[in-house]
Amino acid sequence: QQQVRQSPQSLTVWEGETAILNCSYEDSTFDYFPWYRLFPGESPALLIAIRPVSNKKEDGRFTIFFNKREKKLSLHITDSQPGDSATYFCAAHGGSGNKLIFGTGTLLSVKP
Amino acid sequence: DPKIIQKPKYLVAVTGSEKILICEQYLGHNAMYWYRQSAKKPLEFMFSYSYQKLMDNQTASSRFQPQSSKKNHLDLQITALKPDDSATYFCASSQTNQAPLFGEGTRLSVL
């Protein structure tokens, strides 16, 4: 059972456009939602994170929109650059054991 | 300088052998984790430790055994290796209830 779902599986946008990556979850006890970016051959890097007390978190070109009632969140990347091309993972933290559950990822390609 | 050190970076093993993956963190974090990345599952949670105590275990096989000899160490022993164990194994650490930071990974190939 996949507790954290992401869509689309892959996304292609043109340079300068806004990329929208979606994430949904099932467990209402999740209390922290970080997003990670993974370049091939590298380790996951923390991008931005949000807690359910907020419905929006912004950091530069990256913005998380959070809908607690629908258990959905999205990552918006404005003014996308070719260097943003990577796999983006939504994750959810909570429950016993302090574990972080990852979604299946969205492969983003930004064309120049 | 990397603050989460994983050794080795690359590892080739034969089926049936045993290997230990090393992880040390110098961030002063009290929680450490192991994750696995393979073609089948992008980032799969394996274990979490807090103050050297096992908090959560999502790995069905007892062939995977974490070992914490010091607060900032969490090694992963894998016995009776199988080709399906081929993956990149990431160690991570955090303060409690914070997003983990990841090491550079150990890429394991089992022949």
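That block above? That's the structure.
Residues numbered from 1 in each chain as written. Chains lettered and ligands numbered in written order. Predicted model: local features only at pLDDT ≥ 70, side-chain atom pairs only at ≥ 80, totals over all residues. Heavy atoms only, no water.

## A look at unusual backbone geometry
And step 1. Cis geometry marks the peptide bond from Ser7(A) to Pro8(A), where omega comes out at -10°.
And step 2. With respect to the secondary-structure elements, Pro8(A) resides in the loop between β1 (4–7) and β2 (10–14).
And step 3. Cis peptide bonds are those with omega within 30 degrees of zero, and the linkage from Lys7(B) to Pro8(B) qualifies with -10°.
And step 4. For Pro8(B), the position within the fold is in the loop between β1 (4–7) and β2 (10–13).
And step 5. Here Lys71(A), not a glycine, exhibits a phi torsion of approximately 55°, which is positive.
And step 6. In this fold, Lys71(A) is placed in the loop between β7 (62–67) and β8 (72–77).
And step 7. Since its relative accessible area comes to 27%, Lys71(A) is described here as partly exposed. (Helix = DSSP H or I, 4+ residues; strand = E, 2+ residues; numbered from the N terminus. Buried < 20%, exposed > 50% of the residue type's maximum accessible area, 1.4 Å probe, protein only.)

## Description of the state of the cysteines
Here, the word disulfide means a covalent bond between the sulfur atoms of two cysteines.
Residues and elements named next belong to chain A.
And step 1. Counting across every chain of the model gives two disulfides over all chains.
And step 2. A sulfur-sulfur separation of 2.0 Å characterises the disulfide bridge that pairs Cys23 with Cys90. Between Cys23 and Cys90, the S-S torsion sits near -65°, and that sign places the bridge as left-handed. Residue Cys23 is found in strand β3 (residues 19–25), and its partner Cys90 is found in strand β9 (residues 86–93); the two are separated by 67 residues along the sequence.
And step 3. Taking relative accessible area as the criterion, Cys23 reaches 4% and is therefore assigned buried. (Disulfide = S-S within 2.5 Å.)

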